[in-house]
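# Structure assessment
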Amino acid sequence: MKNVFALTKRNCLLFVRNKSTFFFSLFSSLILIVLYFLFIAKLYSQGFNETAGLQLSSNQISALIYSQMIVGVLVINSASLSTGMFSIMASDIEKGKTEAFLITNLKKWELVLSYLFSAIIISYLINLLMFVISTIIIGIATGFWLGAGAFFLIFGALLIVTLISCAIMLLITVIARSSSAIGVINGILGTVIGFLCGIYMPFTNLGNGAKYVGSLLPFTHLTIWLKQIVLSNAFGQFGVPTEIANQMSGLWFSAGNIGLCGLNVPLWAMIIISSLFAVLCFVIALILIKKRINRSSSKFSLKKKGLKNNHQS
(Lines give C-alpha, C1' and ligand atoms only; values in the text may rest on other atoms or scores of the structure.)
Protein backbone atom coordinates (compact mmCIF):
# COMPACT_ATOMS: atom_id res chain seq x y z
CA MET A 1 0.00 0.00 0.00
CA LYS A 2 3.05 2.25 0.22
CA ASN A 3 2.98 2.71 -3.56
CA VAL A 4 -0.73 3.58 -3.46
CA PHE A 5 -0.20 6.25 -0.80
CA ALA A 6 2.74 7.76 -2.69
CA LEU A 7 0.82 8.01 -5.97
CA THR A 8 -2.30 9.28 -4.19
CA LYS A 9 -0.25 12.09 -2.67
CA ARG A 10 1.23 12.86 -6.09
CA ASN A 11 -2.23 13.06 -7.73
CA CYS A 12 -3.62 15.32 -5.00
CA LEU A 13 -0.66 17.70 -5.28
CA LEU A 14 -1.01 17.84 -9.07
CA PHE A 15 -4.67 18.79 -8.78
CA VAL A 16 -4.16 21.45 -6.12
CA ARG A 17 -1.21 23.02 -7.94
CA ASN A 18 -3.10 23.17 -11.24
CA LYS A 19 -5.15 26.31 -10.61
CA SER A 20 -7.12 26.15 -13.86
CA THR A 21 -8.27 22.56 -13.25
CA PHE A 22 -9.18 23.39 -9.69
CA PHE A 23 -11.15 26.49 -10.71
CA PHE A 24 -13.11 24.92 -13.56
CA SER A 25 -13.97 21.91 -11.41
CA LEU A 26 -15.80 24.33 -9.11
CA PHE A 27 -17.02 26.64 -11.89
CA SER A 28 -20.51 25.13 -12.23
CA SER A 29 -20.98 25.29 -8.46
CA LEU A 30 -19.90 28.93 -8.36
CA ILE A 31 -22.41 29.77 -11.09
CA LEU A 32 -25.12 27.93 -9.17
CA ILE A 33 -24.41 29.85 -5.96
CA VAL A 34 -24.49 33.20 -7.79
CA LEU A 35 -27.78 32.28 -9.51
CA TYR A 36 -29.32 31.29 -6.20
CA PHE A 37 -28.36 34.41 -4.32
CA LEU A 38 -29.27 36.78 -7.17
CA PHE A 39 -32.40 35.21 -8.66
CA ILE A 40 -33.59 31.76 -7.62
CA ALA A 41 -33.70 32.44 -3.87
CA LYS A 42 -36.11 35.32 -4.50
CA LEU A 43 -38.40 33.07 -6.52
CA TYR A 44 -38.40 30.54 -3.69
CA SER A 45 -39.23 33.14 -1.05
CA GLN A 46 -42.05 34.91 -2.91
CA GLY A 47 -45.37 33.95 -1.40
CA PHE A 48 -43.80 31.27 0.78
CA ASN A 49 -45.81 31.98 3.93
CA GLU A 50 -49.07 32.42 2.05
CA THR A 51 -48.74 29.18 0.11
CA ALA A 52 -47.48 27.17 3.06
CA GLY A 53 -49.93 28.65 5.56
CA LEU A 54 -47.02 29.57 7.85
CA GLN A 55 -45.75 32.70 9.51
CA LEU A 56 -42.00 32.39 9.28
CA SER A 57 -39.66 35.37 9.44
CA SER A 58 -37.62 36.40 6.42
CA ASN A 59 -34.47 35.08 8.11
CA GLN A 60 -36.10 31.70 8.73
CA ILE A 61 -37.23 31.45 5.12
CA SER A 62 -33.74 32.40 3.93
CA ALA A 63 -32.23 29.76 6.22
CA LEU A 64 -34.46 27.07 4.70
CA ILE A 65 -33.68 28.13 1.15
CA TYR A 66 -29.93 28.52 1.57
CA SER A 67 -29.45 25.36 3.64
CA GLN A 68 -31.10 23.07 1.10
CA MET A 69 -29.30 24.90 -1.70
CA ILE A 70 -25.85 24.36 -0.20
CA VAL A 71 -26.25 20.59 0.19
CA GLY A 72 -27.41 20.42 -3.44
CA VAL A 73 -24.20 22.19 -4.43
CA LEU A 74 -22.23 19.58 -2.47
CA VAL A 75 -23.67 16.81 -4.65
CA ILE A 76 -22.70 18.69 -7.83
CA ASN A 77 -19.23 19.27 -6.38
CA SER A 78 -18.79 15.59 -5.57
CA ALA A 79 -19.22 14.80 -9.26
CA SER A 80 -17.31 17.74 -10.78
CA LEU A 81 -14.35 17.51 -8.39
CA SER A 82 -13.91 13.78 -8.89
CA THR A 83 -14.10 14.25 -12.66
CA GLY A 84 -11.40 16.91 -12.42
CA MET A 85 -9.22 14.48 -10.47
CA PHE A 86 -9.77 11.66 -12.97
CA SER A 87 -8.61 13.96 -15.77
CA ILE A 88 -5.13 13.44 -14.29
CA MET A 89 -5.52 9.72 -14.92
CA ALA A 90 -6.62 10.33 -18.52
CA SER A 91 -3.67 12.66 -19.05
CA ASP A 92 -1.23 10.11 -17.60
CA ILE A 93 -2.50 7.41 -19.97
CA GLU A 94 -2.35 9.75 -22.97
CA LYS A 95 1.21 10.84 -22.18
CA GLY A 96 2.43 7.32 -21.45
CA LYS A 97 3.17 8.00 -17.79
CA THR A 98 1.26 4.89 -16.71
CA GLU A 99 3.76 2.75 -18.63
CA ALA A 100 6.59 4.44 -16.75
CA PHE A 101 4.85 3.67 -13.44
CA LEU A 102 4.35 0.02 -14.41
CA ILE A 103 8.02 -0.45 -15.23
CA THR A 104 8.51 -0.45 -11.45
CA ASN A 105 7.04 -3.08 -9.13
CA LEU A 106 3.74 -1.16 -9.11
CA LYS A 107 0.64 -3.30 -9.75
CA LYS A 108 -2.14 -2.14 -12.08
CA TRP A 109 -4.76 -2.32 -9.33
CA GLU A 110 -2.52 -0.13 -7.13
CA LEU A 111 -2.34 2.45 -9.91
CA VAL A 112 -6.14 2.52 -10.28
CA LEU A 113 -6.67 2.70 -6.53
CA SER A 114 -4.35 5.70 -6.27
CA TYR A 115 -6.50 7.65 -8.75
CA LEU A 116 -9.69 6.62 -6.95
CA PHE A 117 -8.36 7.46 -3.48
CA SER A 118 -7.08 10.86 -4.60
CA ALA A 119 -10.47 11.70 -6.12
CA ILE A 120 -12.25 10.67 -2.91
CA ILE A 121 -9.89 12.66 -0.69
CA ILE A 122 -9.97 15.87 -2.74
CA SER A 123 -13.72 15.75 -3.35
CA TYR A 124 -14.59 14.99 0.27
CA LEU A 125 -12.24 17.49 1.92
CA ILE A 126 -13.15 20.41 -0.36
CA ASN A 127 -16.86 19.66 0.01
CA LEU A 128 -16.48 19.40 3.76
CA LEU A 129 -14.70 22.74 3.88
CA MET A 130 -17.38 24.36 1.72
CA PHE A 131 -20.14 22.94 3.94
CA VAL A 132 -18.54 24.21 7.15
CA ILE A 133 -17.93 27.69 5.71
CA SER A 134 -21.47 27.84 4.24
CA THR A 135 -23.00 26.77 7.56
CA ILE A 136 -21.13 29.55 9.36
CA ILE A 137 -22.15 32.17 6.75
CA ILE A 138 -25.81 31.08 6.87
CA GLY A 139 -25.72 31.13 10.67
CA ILE A 140 -24.31 34.65 10.80
CA ALA A 141 -26.66 35.95 8.07
CA THR A 142 -29.91 34.37 9.28
CA GLY A 143 -29.35 33.41 12.92
CA PHE A 144 -30.07 29.77 12.11
CA TRP A 145 -27.44 27.29 13.23
CA LEU A 146 -27.68 23.71 12.10
CA GLY A 147 -27.99 21.34 15.08
CA ALA A 148 -24.93 19.31 16.08
CA GLY A 149 -26.64 16.00 15.24
CA ALA A 150 -27.60 17.09 11.72
CA PHE A 151 -24.23 18.79 11.23
CA PHE A 152 -22.21 15.64 11.90
CA LEU A 153 -24.75 13.45 10.10
CA ILE A 154 -23.96 15.46 6.96
CA PHE A 155 -20.29 14.59 7.50
CA GLY A 156 -21.07 10.87 7.27
CA ALA A 157 -23.65 11.20 4.51
CA LEU A 158 -21.23 13.32 2.48
CA LEU A 159 -18.65 10.52 2.59
CA ILE A 160 -21.18 8.09 1.10
CA VAL A 161 -22.13 10.69 -1.52
CA THR A 162 -18.44 11.09 -2.41
CA LEU A 163 -17.82 7.35 -2.73
CA ILE A 164 -20.84 6.84 -5.00
CA SER A 165 -20.05 9.90 -7.12
CA CYS A 166 -16.39 8.94 -7.58
CA ALA A 167 -17.26 5.40 -8.69
CA ILE A 168 -19.80 6.66 -11.25
CA MET A 169 -17.56 9.42 -12.57
CA LEU A 170 -14.62 6.99 -12.84
CA LEU A 171 -16.60 4.92 -15.34
CA ILE A 172 -17.68 8.02 -17.28
CA THR A 173 -14.07 9.21 -17.38
CA VAL A 174 -12.83 5.86 -18.69
CA ILE A 175 -15.52 5.83 -21.40
CA ALA A 176 -14.70 9.45 -22.37
CA ARG A 177 -11.00 8.50 -22.70
CA SER A 178 -9.43 11.86 -23.61
CA SER A 179 -8.77 14.65 -21.13
CA SER A 180 -10.35 17.18 -23.52
CA ALA A 181 -13.61 15.21 -23.62
CA ILE A 182 -13.55 14.99 -19.83
CA GLY A 183 -13.22 18.79 -19.69
CA VAL A 184 -16.35 19.18 -21.83
CA ILE A 185 -18.26 16.69 -19.67
CA ASN A 186 -17.22 18.52 -16.53
CA GLY A 187 -18.40 21.79 -18.03
CA ILE A 188 -21.98 20.61 -18.63
CA LEU A 189 -22.17 18.27 -15.63
CA GLY A 190 -23.36 20.91 -13.16
CA THR A 191 -26.20 22.03 -15.43
CA VAL A 192 -27.45 18.50 -16.09
CA ILE A 193 -27.36 17.43 -12.44
CA GLY A 194 -28.72 20.80 -11.28
CA PHE A 195 -31.89 20.51 -13.35
CA LEU A 196 -32.56 16.77 -13.34
CA CYS A 197 -31.88 16.37 -9.61
CA GLY A 198 -34.16 19.20 -8.51
CA ILE A 199 -31.37 21.49 -7.31
CA TYR A 200 -31.95 24.50 -9.56
CA MET A 201 -35.72 24.42 -9.09
CA PRO A 202 -38.31 21.99 -7.66
CA PHE A 203 -39.73 19.15 -9.72
CA THR A 204 -43.16 20.75 -9.44
CA ASN A 205 -41.89 23.43 -11.85
CA LEU A 206 -40.17 20.98 -14.20
CA GLY A 207 -42.98 18.44 -14.69
CA ASN A 208 -43.30 14.69 -14.24
CA GLY A 209 -40.99 13.94 -17.17
CA ALA A 210 -38.01 15.54 -15.43
CA LYS A 211 -39.02 13.84 -12.19
CA TYR A 212 -39.05 10.37 -13.77
CA VAL A 213 -35.72 10.92 -15.53
CA GLY A 214 -34.25 12.36 -12.34
CA SER A 215 -35.36 9.30 -10.37
CA LEU A 216 -33.00 7.20 -12.54
CA LEU A 217 -29.98 9.20 -11.38
CA PRO A 218 -28.31 8.28 -8.07
CA PHE A 219 -27.40 11.97 -7.61
CA THR A 220 -31.10 12.81 -7.24
CA HIS A 221 -31.62 10.50 -4.28
CA LEU A 222 -28.37 11.61 -2.68
CA THR A 223 -29.53 15.22 -2.98
CA ILE A 224 -32.90 14.37 -1.44
CA TRP A 225 -31.16 12.59 1.43
CA LEU A 226 -28.95 15.58 2.27
CA LYS A 227 -31.85 18.02 1.89
CA GLN A 228 -34.02 15.99 4.26
CA ILE A 229 -31.32 16.11 6.93
CA VAL A 230 -30.94 19.91 6.94
CA LEU A 231 -34.63 20.71 6.34
CA SER A 232 -35.85 18.36 9.08
CA ASN A 233 -33.52 20.09 11.53
CA ALA A 234 -34.62 23.56 10.40
CA PHE A 235 -38.35 22.77 10.46
CA GLY A 236 -37.93 21.30 13.93
CA GLN A 237 -36.17 24.41 15.23
CA PHE A 238 -38.81 26.69 13.67
CA GLY A 239 -41.70 24.68 15.14
CA VAL A 240 -43.25 23.76 11.78
CA PRO A 241 -45.83 20.93 12.08
CA THR A 242 -44.67 17.61 10.64
CA GLU A 243 -47.48 17.38 8.08
CA ILE A 244 -46.79 20.86 6.70
CA ALA A 245 -43.02 20.26 6.80
CA ASN A 246 -43.35 17.09 4.72
CA GLN A 247 -45.62 18.82 2.25
CA MET A 248 -43.30 21.81 1.86
CA SER A 249 -40.24 19.60 1.50
CA GLY A 250 -41.75 17.93 -1.53
CA LEU A 251 -43.47 20.91 -3.17
CA TRP A 252 -40.93 23.67 -2.59
CA PHE A 253 -37.57 21.99 -2.20
CA SER A 254 -37.77 18.65 -4.07
CA ALA A 255 -36.79 16.95 -0.81
CA GLY A 256 -39.61 14.42 -0.79
CA ASN A 257 -38.93 10.83 -1.81
CA ILE A 258 -39.71 10.33 -5.53
CA GLY A 259 -39.08 6.58 -5.71
CA LEU A 260 -38.12 5.09 -9.07
CA CYS A 261 -40.04 6.03 -12.23
CA GLY A 262 -43.26 6.51 -10.28
CA LEU A 263 -42.81 3.40 -8.13
CA ASN A 264 -43.02 3.99 -4.39
CA VAL A 265 -39.52 2.83 -3.42
CA PRO A 266 -38.30 4.05 0.02
CA LEU A 267 -35.38 6.48 0.08
CA TRP A 268 -33.16 4.11 2.09
CA ALA A 269 -33.71 1.46 -0.60
CA MET A 270 -32.77 3.97 -3.33
CA ILE A 271 -29.56 4.80 -1.47
CA ILE A 272 -28.70 1.08 -1.32
CA ILE A 273 -29.52 0.67 -5.03
CA SER A 274 -27.34 3.70 -5.80
CA SER A 275 -24.49 2.18 -3.79
CA LEU A 276 -24.78 -1.14 -5.65
CA PHE A 277 -24.85 0.73 -8.95
CA ALA A 278 -21.67 2.56 -7.92
CA VAL A 279 -19.96 -0.77 -7.16
CA LEU A 280 -20.97 -2.04 -10.60
CA CYS A 281 -19.60 1.13 -12.21
CA PHE A 282 -16.29 0.69 -10.38
CA VAL A 283 -15.93 -2.96 -11.45
CA ILE A 284 -16.66 -2.11 -15.12
CA ALA A 285 -14.30 0.87 -14.96
CA LEU A 286 -11.55 -1.30 -13.47
CA ILE A 287 -11.89 -3.82 -16.32
CA LEU A 288 -11.84 -1.07 -18.97
CA ILE A 289 -8.86 0.68 -17.38
CA LYS A 290 -6.84 -2.55 -17.32
CA LYS A 291 -7.61 -3.14 -21.01
CA ARG A 292 -6.66 0.42 -21.89
CA ILE A 293 -3.40 0.25 -19.93
CA ASN A 294 -2.61 -3.10 -21.59
CA ARG A 295 -3.09 -1.57 -25.04
CA SER A 296 -0.99 1.44 -24.11
CA SER A 297 1.72 -0.82 -22.70
CA SER A 298 1.75 -2.92 -25.87
CA LYS A 299 2.14 0.16 -28.07
CA PHE A 300 4.85 1.44 -25.76
CA SER A 301 6.74 -1.88 -25.92
CA LEU A 302 6.49 -2.06 -29.73
CA LYS A 303 7.69 1.51 -30.06
CA LYS A 304 10.58 0.84 -27.68
CA LYS A 305 11.48 -2.35 -29.57
CA GLY A 306 11.42 -0.50 -32.89
CA LEU A 307 13.72 2.21 -31.60
CA LYS A 308 16.10 -0.44 -30.27
CA ASN A 309 16.19 -2.26 -33.63
CA ASN A 310 16.86 1.01 -35.48
CA HIS A 311 19.67 1.82 -33.09
CA GLN A 312 21.28 -1.60 -33.60
CA SER A 313 21.02 -1.38 -37.38
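## Some remarks on the overall build of the protein chain
- Looking only at helices and strands, one finds 13 helices and zero strands in the protein chain.
- Mapped in sequence order, the helices and strands of the protein chain form the string α-α-α-α-α-α-α-α-α-α-α-α-α.
- Counting the 313 residues in the protein chain, one finds 50% classified as buried.
- In the protein chain, the share of contacts with a sequence separation of at least 24, taken over all contacts with a separation of at least 6, comes to 81%.

## Considering a nonpolar patch on the surface
- Taken together, the side chains of Ile175, Phe277, Leu280, Ile284 and Leu288 define a hydrophobic patch exposed on the protein surface, amounting to about 430 Å² of accessible area.
- A per-element tally of the nonpolar patch places helix α13 (residues 267-312) first, with four residues.
- Within the secondary structure, Leu280 sits in helix α13.

## Some thoughts on the side chain of Thr162
- When you line up the elements, Thr162 lands in helix α7 (residues 148-176).
- In terms of polar contacts, Thr162 uses its side chain to reach the backbone carbonyl oxygen of Leu158, at 2.7 Å.
- If near-sequence neighbours (up to four positions away) are discounted, Thr162 is found in contact with Ile120, Ser123 and Tyr124.

## Description of the confidence of the model for the protein chain
- Predicted confidence across the protein chain gives a mean pLDDT of 80, with 82% of residues reaching 70 or more.
- Highest mean pLDDT in the protein chain belongs to helix α11 (residues 218-238) (92); lowest belongs to helix α3 (residues 48-52) (59).

## Topic: helix α12 (residues 242-253)
- Counted at 1.5 Å a residue, the expected span for α12 with its 12 residues is 16 Å, and the 15 Å between its end C-alpha atoms agrees.
- Among the residues of α12, those classed as buried are Ala245, Met248, Ser249, Trp252 and Phe253. For α12, the angular spread of buried residues about the axis comes to 105°, placing them on one side. In α12, those exposed residues whose orientation departs by more than 90 degrees from the buried face are Glu243 and Asn246.
- A positive phi of about 50° marks Ser254, the residue just after α12.

## Considerations on the packing of aromatic side chains
- Counting across every chain of the model gives six aromatic pairs.
- Relative to Phe152, the ring of Phe151 has its centre 5.4 Å away and its plane inclined at 90°; by these criteria the two rings are edge-to-face.
- Here a set of aromatic residues connected by ring pairs shows up, and it is made of Phe131, Phe151, Phe152 and Phe155.

## Some thoughts on the environment of Asn127
- By the element assignment, Asn127 lies in helix α6 (residues 108-142).
- Note: C-alpha distance between Asn127 and Ser78 (49 residues apart in sequence) is 7.2 Å.
- Within polar-contact distance, the side chain of Asn127 engages the backbone oxygen of Leu74 at 3.0 Å.

## Considerations on the packing of α11 against α12
- Between α11 and α12, whose axes approach to 11 Å, the crossing angle comes to 135°. In this view, α11 runs oblique relative to α12, as classed from their interaxial angle. Here α11 runs over α12; the crossing is right-handed. Here α11 contributes Lys227, Leu231 and Phe235 to the contact with α12, which in turn contributes Ala245, Met248, Ser249 and Phe253.
- Partitioned by chemical class, the residues of the contact of α11 with α12 number five nonpolar, one polar and one charged.

## Notes on the packing of helix α1 (residues 2-17) against α6
- Look at α1 against α6: their axes get within 8 Å of each other, and the N-to-C directions meet at 50°. By the angle class used here, α1 and α6 are oblique. For the pair α1 and α6, the sense of crossing is right-handed. Residue-level contacts link Asn3, Val4, Leu7, Thr8, Arg10, Asn11, Cys12, Phe15 and Val16 of α1 to Glu110, Leu111, Leu113, Ser114, Tyr115, Phe117, Ser118, Ile121, Ile122 and Ile126 of α6.

Criteria and thresholds
Residues numbered from 1 in each chain as written. Predicted model: local features only at pLDDT ≥ 70, side-chain atom pairs only at ≥ 80, totals over all residues. Heavy atoms only, no water. Helix = DSSP H or I, 4+ residues; strand = E, 2+ residues; numbered from the N terminus. Buried < 20%, exposed > 50% of the residue type's maximum accessible area, 1.4 Å probe, protein only. Contact = heavy atoms within 4.5 Å. Patch = residues over 30% accessible without salt bridge, like charges linked within 9 Å, V, L, I, M, F, W, Y side chains within 5 Å. Areas by Shrake-Rupley, 256 points an atom, 1.4 Å probe, with all protein chains shown as cover. Salt bridge = Lys/Arg side-chain N within 4 Å of Asp/Glu carboxyl O. Polar contact = N/O pair within 3.5 Å; in protein donor to acceptor, adjacent residues only side chain to side chain. pLDDT = per-residue confidence, 0-100. Expected span 1.5 Å × (residues − 1). Arc of directions from axis to C-beta. Phe/Tyr/Trp six-rings, centres within 6.5 Å; stacked < 30°, edge-to-face > 60°. Axes fitted to C-alpha atoms, helices over the stretch in contact; angles between N-to-C directions. Parallel < 35°, antiparallel > 145°, perpendicular 65-115°, else oblique. Left-handed = near helix turned anticlockwise from the far one by under 90°. Nonpolar A, V, L, I, M, F, W, Y, C, P; charged D, E, K, R; others polar.

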